[in-house]
Amino acid sequence: MPQDVSRRGFLTGLGAGGATLALAPHAAGAEAAAGSSGAVVQAVHPLAEMKPAATPIRVLVAARLTPAELDTIRQAAPGIELIVPKDAAERTAAAAAAEVILGEPDVETIRAARDLKWVQHWAAGLERLPRELMEHPCVLTNMQRVFAPVIAESAFGLLLSLTRGLATDAVPNFAKRRWAAASVPLEDLYGKTLGCVGMGGIGTEVSRRAHYGFGMKVLAVDPKPMPRPEWVAELHEPAWLGEMVPQVDVLVSAAPHTRETVKLFGEGVFRSMKKTAYFINVSRGGLVDQEALARALAEGWIRGAGLDVTTPEPLPPEHALWDCPNLVITPHSSGNAPIRQVRVVRLVAENVRRYASGLPLLNVVDKVKGY
């Protein structure tokens, strides 16, 4: 990435399709509240502004990257030295000299990295990272908002397959070369209400598409203080969830996996939903009480559900969810698309450039809060 890349150009390029990234703390006015596409952005944590300790800056690559991708990162900051180990043993040995790790380091690598100051995580969720990393004083950045545009598309793919009878009738009948009427009510989304739990990258992209693409009213909850996006009718703290749920026709789980969100969607939530409502989960399986969801579907508490994530993964073939009516499950594939890796490398290169220049990093996470 060129050294003189503009912030607006970078955000636009990385977020082709609508994704936005965090801005530095000094951003002000409307620019601090929204990116070029109007999406809400998150301020960078102060700890992200730091000076490299060594010259050259030794960067350990703990992810599989092509030679071209490695060159993209090198070109972003000529003063870095990329260390690309061949195996786990070489990676652990090289960690002692590294102050930056790109990828998902194992426990041995973290322990060996005595000068570690920053880790660039290769995903958005943090729940699978080792305790040793979460307790380490290094700065941790992730891939929040990078995968959001395509995940939002998948969320609506799940939803439309339910509302338009594609999963229950059209696809099965096509396989049988049979023309048959729908066995479930076909719904439209126009004028309906969508409730979004979590207004990070995924929630932002889903809610924007819901309002501008389908003419839906959007209600949302999120624990972070943020300006209410213009396409959201109401935005409140998580305590408002109980009041929001009975109002919505579609309930979307877009929150991170934290101590506070484990099995957030349980019997109480599903029983308080409209019997005609749909539940969509494109965040993490651990947020759902799956036994309660299976009952909700089997007993008609709600009309249908779409899941891209489950617990465990893969979902065992004997699990009750497989027998549920009007349920669509995809294998945690909502973030997959050819552009995914391009966006990942662009973000990594930009953060390496920022680190080498002593500038604030993008997507710094709060290890205590878990997002």
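Look up a bit, the structure's there.
Residues numbered from 1 in each chain as written. Predicted model: local features only at pLDDT ≥ 70, side-chain atom pairs only at ≥ 80, totals over all residues. Heavy atoms only, no water.

**Q** Account for the overall build of the chain, with residues named and values stated.
**A** Counting its regular elements, the chain contains 13 helices and 12 strands. Of all intrachain contacts in the chain linking residues separated by at least 6 positions in sequence, the fraction that spans at least 24 positions is 61%. Looking at the chain as shown, the accessible area adds up to about 16,700 Å², and 56% of this sits on carbon and sulfur atoms. (Helix = DSSP H or I, 4+ residues; strand = E, 2+ residues; numbered from the N terminus. Contact = heavy atoms within 4.5 Å. Areas by Shrake-Rupley, 256 points an atom, 1.4 Å probe, with all protein chains shown as cover.)

**Q** Give me the lowdown on the sheet that holds strand β5 (residues 139–141), citing residues and values where you can.
**A** Spatially, 5 strands are ordered β2-β1-β3-β4-β5 in an open sheet, and the strand pairing comes out parallel. Only two strands of the sheet have a single partner each, and these edge strands are β2 (80–83) and β5. Averaged over all adjacent pairs, the angle separating strand axes in this sheet is 20°, with direction ignored. In the sheet, strand β4 (residues 118–120) pairs with β5 via 3 bridges, with the strands oriented parallel. Its bridge partner being in β5, Val-119 is matched across the sheet by Leu-140. Packing against the sheet, helix α13 (residues 339–357) makes contact with β1 (57–62), β2, β3 (100–103), β4 and β5, and its axis sits at approximately 165° to β4. (Pairing = 2+ DSSP bridges. Axes fitted to C-alpha atoms, helices over the stretch in contact; angles between N-to-C directions.)

**Q** Provide a residue-level description of the packing of helix α7 (residues 148–163) against helix α9 (residues 201–214), including the pertinent values.
**A** At their nearest, the axes of α7 and α9 sit 8 Å apart, and the two run at 55° to each other. Between α7 and α9, the angle is such that the two are oblique. Helix-helix and strand crossings are classified by hand; for α7 and α9 the assignment is right-handed. Note on element contacts: α9 touches α7 through Gly-201, Ile-202, Glu-205, Val-206, Arg-209, Ala-210 and Phe-214, opposite Ala-148, Pro-149, Ile-151, Ala-152, Glu-153, Ala-155, Phe-156 and Leu-160. Here the residues of the contact of α7 with α9 are counted per class, giving 11 nonpolar, 1 polar and 3 charged. (Parallel < 35°, antiparallel > 145°, perpendicular 65-115°, else oblique. Left-handed = near helix turned anticlockwise from the far one by under 90°. Nonpolar A, V, L, I, M, F, W, Y, C, P; charged D, E, K, R; others polar.)

**Q** So what about the packing of aromatic side chains? Which residues, and what values?
**A** Evaluation of the coordinates by the stated rule reveals 5 aromatic pairs. Directly above the aromatic system of Trp-301 lies the positively charged group of Arg-271, at a separation of 3.8 Å from the ring centroid. (Phe/Tyr/Trp six-rings, centres within 6.5 Å; stacked < 30°, edge-to-face > 60°. Lys NZ or Arg CZ within 6 Å of the ring centre and 35° of its normal.)

**Q** Provide a residue-level description of the sheet that holds strand β7 (residues 217–221), including the pertinent values.
**A** With parallel pairing, 7 strands are arranged side by side in an open sheet as β8-β7-β6-β9-β10-β11-β12. Strands at the two margins of the open sheet, each flanked by one partner only, are β8 (234–236) and β12 (327–329). The sheet shows a mean angle of 10° between the axes of neighbouring strands, taken without regard to direction. As paired strands, strand β6 (residues 193–197) and strand β9 (residues 250–253) are joined by 4 bridges and run parallel to one another. The partner of Gly-195 across the bridge, within β9, is Leu-251.

**Q** An account of the side chain of Asn-326 is requested, with residue identities and associated values reported.
**A** Structurally, Asn-326 is set in the loop between β11 (304–307) and β12. Its relative accessible area of 12% is what places Asn-326 among the buried residues. A polar side-chain atom of Asn-326 sits 2.6 Å from the main-chain carbonyl oxygen of Arg-303. If sequence neighbours within four positions are ignored, Asn-326 has contacts with Leu-162, Thr-168, Tyr-278, Leu-297, Arg-303, Gly-304 and Ala-305. (Buried < 20%, exposed > 50% of the residue type's maximum accessible area, 1.4 Å probe, protein only. Polar contact = N/O pair within 3.5 Å; in protein donor to acceptor, adjacent residues only side chain to side chain.)

**Q** With reference to specific residues and values, describe the packing of helix α3 (residues 67–76) against α13.
**A** At a closest axis distance of 8 Å, the pairing of α3 and α13 adopts a crossing angle of 25°. Here α3 is positioned roughly parallel relative to α13, judged by the angle of their axes. When you trace α3 past α13, the crossing you get is right-handed. Contacts from Glu-69, Thr-72, Ile-73 and Ala-76 in α3 reach Gln-341, Val-345, Val-348, Ala-349, Val-352 and Arg-353 in α13. Looking at the contact of α3 with α13 residue by residue, the class counts come to 6 nonpolar, 2 polar and 2 charged.

**Q** For the nonpolar core, give the residues involved together with the corresponding values.
**A** Formed by 57 residues in total, the largest nonpolar core has its most connected members in Ile-73, Leu-102 and Ile-280. It is α7 that contributes the most residues to this core, 9 residues altogether. Apart from residues no more than four positions distant in its own chain, Leu-102 is found in contact with Val-59, Leu-60, Val-61, Ala-62, Ala-63, Ile-73, Trp-118, Gln-120, Trp-122, Val-348 and Val-352. Core analysis: the second largest hydrophobic core is formed by 31 residues, Leu-241, Leu-251, Leu-293 and Cys-324 among them. (Core = buried A, V, L, I, M, F, W, Y, C linked by side-chain atoms within 4.5 Å.)

**Q** Can you lay out the side chain of Asn-142 for me, pointing to particular residues and giving the numbers?
**A** Its place among the elements puts Asn-142 in the loop between β5 and α7. Here the side chain of Asn-142 touches Ala-124 through a polar contact of 2.9 Å, landing on its backbone oxygen. Apart from residues no more than four positions distant in its own chain, Asn-142 is found in contact with Gln-120, His-121, Ala-123, Ala-124, Leu-126, Leu-347, Asn-363 and Val-365.

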